[in-house]
Amino acid sequence: MKKAKYSIVLSVLLTMSLILAACGGGNSANGTNSGGESQGGGKQEQKTVTIFQFKTEIVEGLNELKVEFEKEYPNIKLDIQTVGGGADYDAALKTKFASGDAPDIFSNNGYAKLDMWQEKLEDLSDQPWVKDLVPLAAEAITKDSKVYGLPLDLEGFGYVYNKDLFAKAGITSPPKTYSELEAAAKKLQAAGITPFANAYQEWWLVGSQGISVAFANQDDVDGFIKGMNEGTASIVGNEHFANWAKLMKLTLDYGNKNPLTTDYNTQVAMFANGEAAMMQEGNWAQTMIDGINPNMNIGVLPMPLSDDAAKTGKVTIGVPVNLVVNKDSDAKEEAKTFLNWLVTSDIGKEYIVKKFKFIPAMTTIEATPEDMGPIATDLVKYVEEGNIFAHQAGKYPDGVAQEFGSAIQQYLAGKSDVESWQKNMQAAWDKLK
């Protein structure tokens, strides 16, 4: 895929959602030049911008960018703090605000988390980068036509697969339906290849990401979620959740030993070392794979719940994190300066696509397959074809993803059947909605 081709992808994305009314405002720079002088002459006081975020895999790169940013803006210092996503991050963020140690910039998933934190968020609609956002990326962090955060990237997931192992097993066509995936698993196993590497120790893999597919397969996703909140719809007896449980059972039957004690790092290492042909992951895993086995011949498959390829033969795409600004911060202008620099400077854009292996959320950031890696490149092809689901986890009530993870792990451990699992899932939603 050449750079010109990526512009086609962005055009496709632009048609996938309502075009947002976003005002392209003026430059939000802090009024200093690279020598630390104000534009009116003299010196300005140095300010520290605290960034509290949860993407552990980009910490090294962020710290490298911090050095470059501070060279250009010596009056602004960055304090980057990271706590892994999920309940730990949410609890730590609430503690920071409650204790008077609120960060200047922090991570927000959008949708339900936008509603939860909106009163603390600066309206960023006037920022210069807003006009360049891909609407698909902006949806989760936009409310009443106001943009409250900077989408860091687009990410997608499905079953990452080893094309060479598939060829070795005689699989000539990538499976798009449940029956095709089952047949592929049988061929792989017959060839002495473990079909799936499952990291079901990780609650987020199933409780946030994986289960999103069951929501996305609903005929009216938002209507179903609205019904869940109003008590008129239920997971119990829903065919798509039953089919999702069936898919999980398939991965267990044709997967690695001890999946409930296998973590993310072990799973990715198994896959990268050729010990398994598939794993449920996304383009965030590319850098770790490259560190173990560069230039792997890999791609992405759907997580199919039925044999209707047109409906279920899709991968999931979403924004994993938006960077938002604390509206009560005394360094919010400096915070805006950093966000603008991150997505407009040459080094910032380079890190987004080459270091982090992100799919850009901006039309002004170009990326090639060599930049992003094969996982993201395959995901972009699904986007071009329109074969994507939106990631639904941001619409869950606060804390539900962790509860889902626990209920799913009980099911995977054989401690509940499909019916009782569905009841446990519904109970988790009802408790926290």
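Residues numbered from 1 in each chain as written. Predicted model: local features only at pLDDT ≥ 70, side-chain atom pairs only at ≥ 80, totals over all residues. Heavy atoms only, no water.

- As named in an unreviewed UniProt entry, the protein chain is Carbohydrate ABC transporter substrate-binding protein, taken from Paenibacillus oralis.

1. Here's the deal with the overall build of the protein chain
Part 1 of the argument: When its secondary structure is counted, the protein chain shows 20 helices and twelve strands.
Part 2 of the argument: Looking at the protein chain as a whole, 55% of its 433 residues qualify as buried.
Part 3 of the argument: For the protein chain, the proportion of contacts with a sequence separation of at least 24, taken over those separated by at least 6, is 76%. (Helix = DSSP H or I, 4+ residues; strand = E, 2+ residues; numbered from the N terminus. Buried < 20%, exposed > 50% of the residue type's maximum accessible area, 1.4 Å probe, protein only. Contact = heavy atoms within 4.5 Å.)

2. Some details on the packing of aromatic side chains
Part 1 of the argument: In this structure the tally under the stated criterion is 26 aromatic pairs.
Part 2 of the argument: On the basis of an interplanar angle of 25 degrees and a centroid distance of 4.9 Å, the ring pair of Phe-69 and Tyr-73 is categorised as stacked. Take Phe-69 and Tyr-73: they sit in the same class, and that class is buried.
Part 3 of the argument: By the ring-pair criterion, three or more aromatic residues cluster together here, those being Phe-215, Phe-224, Phe-241, Tyr-396, Phe-404 and Trp-429.
Part 4 of the argument: Its guanidinium or amino end placed over the ring of Phe-52, Lys-96 lies 5.2 Å from that ring's centre, counting from NZ or CZ. (Phe/Tyr/Trp six-rings, centres within 6.5 Å; stacked < 30°, edge-to-face > 60°. Lys NZ or Arg CZ within 6 Å of the ring centre and 35° of its normal.)

3. Focus on the packing of helix H11 (residues 239-253) against helix H20 (residues 418-432)
Part 1 of the argument: Running from N to C, H11 and H20 point in directions that differ by 120 degrees, and their axes come no closer than 11 Å. When the interaxial angle is binned, H11 and H20 end up oblique. H11 and H20 meet at a crossing whose hand is right-handed. Judged by residue contacts, Phe-241, Ala-242, Trp-244 and Ala-245 of H11 engage Val-418, Trp-421 and Gln-422 from H20.
Part 2 of the argument: Here the contact of H11 with H20 is composed, by residue class, of six nonpolar, one polar and no charged. (Axes fitted to C-alpha atoms, helices over the stretch in contact; angles between N-to-C directions. Parallel < 35°, antiparallel > 145°, perpendicular 65-115°, else oblique. Left-handed = near helix turned anticlockwise from the far one by under 90°. Nonpolar A, V, L, I, M, F, W, Y, C, P; charged D, E, K, R; others polar.)

4. Describing the pairing of strand E1 (residues 47-53)
Part 1 of the argument: Burial analysis of E1 places five of its seven residues in the buried class, which makes it a mostly covered element.
Part 2 of the argument: Relative to strand E2 (residues 76-82), E1 is paired through seven bridges, and the arrangement is parallel. Of the residues in E2, the one forming a bridge with Val-49 is Leu-78.
Part 3 of the argument: Pairing analysis gives two bridges linking E1 to strand E3 (residues 105-108), with the strands arranged parallel. What sits directly across from Ile-51, in E3, is Ile-105. (Pairing = 2+ DSSP bridges.)

5. Here's the deal with the sheet that holds strand E11 (residues 322-325)
Pairing between the strands of a sheet is mediated by backbone hydrogen bonds and can be parallel or antiparallel.
Part 1 of the argument: Read across the open sheet, the five strands follow the order E2-E1-E3-E11-E6; overall the sheet is mixed. Bordering the open sheet on either side are E2 and strand E6 (149-151), each of which pairs with just one other strand. Across the sheet, the mean angle from the axis of one strand to that of its neighbour is 25 degrees, orientation sign disregarded.
Part 2 of the argument: As paired strands, E6 and E11 are joined by three bridges and run antiparallel to one another. By the bridge assignment, Leu-150 is partnered in E11 with Leu-323.

6. A few points about the pattern of salt bridges
If the charged atoms of two oppositely charged side chains come close together, the side chains can form a pair.
Part 1 of the argument: With the rule as written, the count across this model stands at 24 salt bridges.
Part 2 of the argument: The partner of Lys-311 in a salt bridge is Asp-219, with the nearest N and O atoms 2.7 Å apart. Of this pair, Lys-311 sits in helix H14 (residues 309-312) while Asp-219 sits in the loop between helix H9 (212-216) and helix H10 (221-230); the two residues are 92 residues apart in sequence, bridging distant segments of the chain.
Part 3 of the argument: On the basis of relative accessible area, Lys-311 is assigned to the partly exposed category, the value being 26%. (Salt bridge = Lys/Arg side-chain N within 4 Å of Asp/Glu carboxyl O.)

7. Quick look at unusual backbone geometry
Negative phi characterises most residues that are not glycine, and trans characterises most peptide bonds.
Part 1 of the argument: One non-glycine residue, Asp-144, adopts positive backbone phi at about 50 degrees.
Part 2 of the argument: Here Asp-144 is to be found in the loop between strand E4 (142-143) and strand E5 (146-147).
Part 3 of the argument: You can call Asp-144 exposed: its relative accessible area is 63%.
Part 4 of the argument: Positive phi values are uncommon outside glycine, yet Asn-258 reaches one of about 55 degrees.
Part 5 of the argument: By the secondary structure assignment, Asn-258 is in the loop between H11 and helix H12 (264-272).
Part 6 of the argument: By relative accessible area, which is 54% here, Asn-258 ends up exposed.

8. As for the environment of Phe-358
Part 1 of the argument: Following the sequence through the fold, Phe-358 ends up in the loop between helix H16 (346-355) and helix H17 (369-372).
Part 2 of the argument: Along the sequence, Phe-358 and Leu-152 sit 206 residues apart, while their C-alpha atoms lie 8.4 Å from each other.
Part 3 of the argument: Setting aside anything within four residues of it in sequence, one finds Phe-358 in contact with Lys-55, Ile-58, Leu-152, Asp-153, Glu-155, Asn-283, Ile-352, Val-353 and Met-372.

9. Focus on helix H8 (residues 203-210)
Think of an α-helix as 3.6 residues a turn; residues three or four steps apart then line up on the same face.
Part 1 of the argument: With respect to burial, H8 is a largely interior element, six of its eight residues being buried.
Part 2 of the argument: For H8, every residue scored as buried is listed here: Leu-205, Val-206, Gly-207, Ser-208, Gln-209 and Gly-210.

10. Comments concerning the nonpolar core
Part 1 of the argument: Counting 134 residues, the largest nonpolar core has Trp-129, Ile-211, Trp-244, Ile-289, Phe-404 and Trp-421 as the members making the most contacts within it.
Part 2 of the argument: The leading source of residues in this core is helix H19 (residues 400-412), at seven residues.
Part 3 of the argument: Both domains that meet at this core, namely domain 1 (47-153 + 320-366) and domain 2 (156-318 + 390-432), each give it at least three residues.
Part 4 of the argument: Excluding anything up to four places from it in sequence, Trp-421 contacts Ile-211, Phe-241, Trp-244, Ala-245, Ala-407, Ile-408, Tyr-411 and Ser-416. (Core = buried A, V, L, I, M, F, W, Y, C linked by side-chain atoms within 4.5 Å. Domains from an automatic or database assignment.)

11. Some thoughts on the environment of Lys-431
Part 1 of the argument: Considering the arrangement of structural elements, one finds Lys-431 in helix H20.
Part 2 of the argument: What makes Lys-431 exposed here is its relative accessible area of 54%.
Part 3 of the argument: Separated by 32 residues in the primary sequence, Lys-431 and Gly-399 place their C-alpha atoms 9.9 Å from one another.
Part 4 of the argument: At 3.0 Å, the side chain of Lys-431 forms a polar contact with the side chain of Glu-403. (Polar contact = N/O pair within 3.5 Å; in protein donor to acceptor, adjacent residues only side chain to side chain.)

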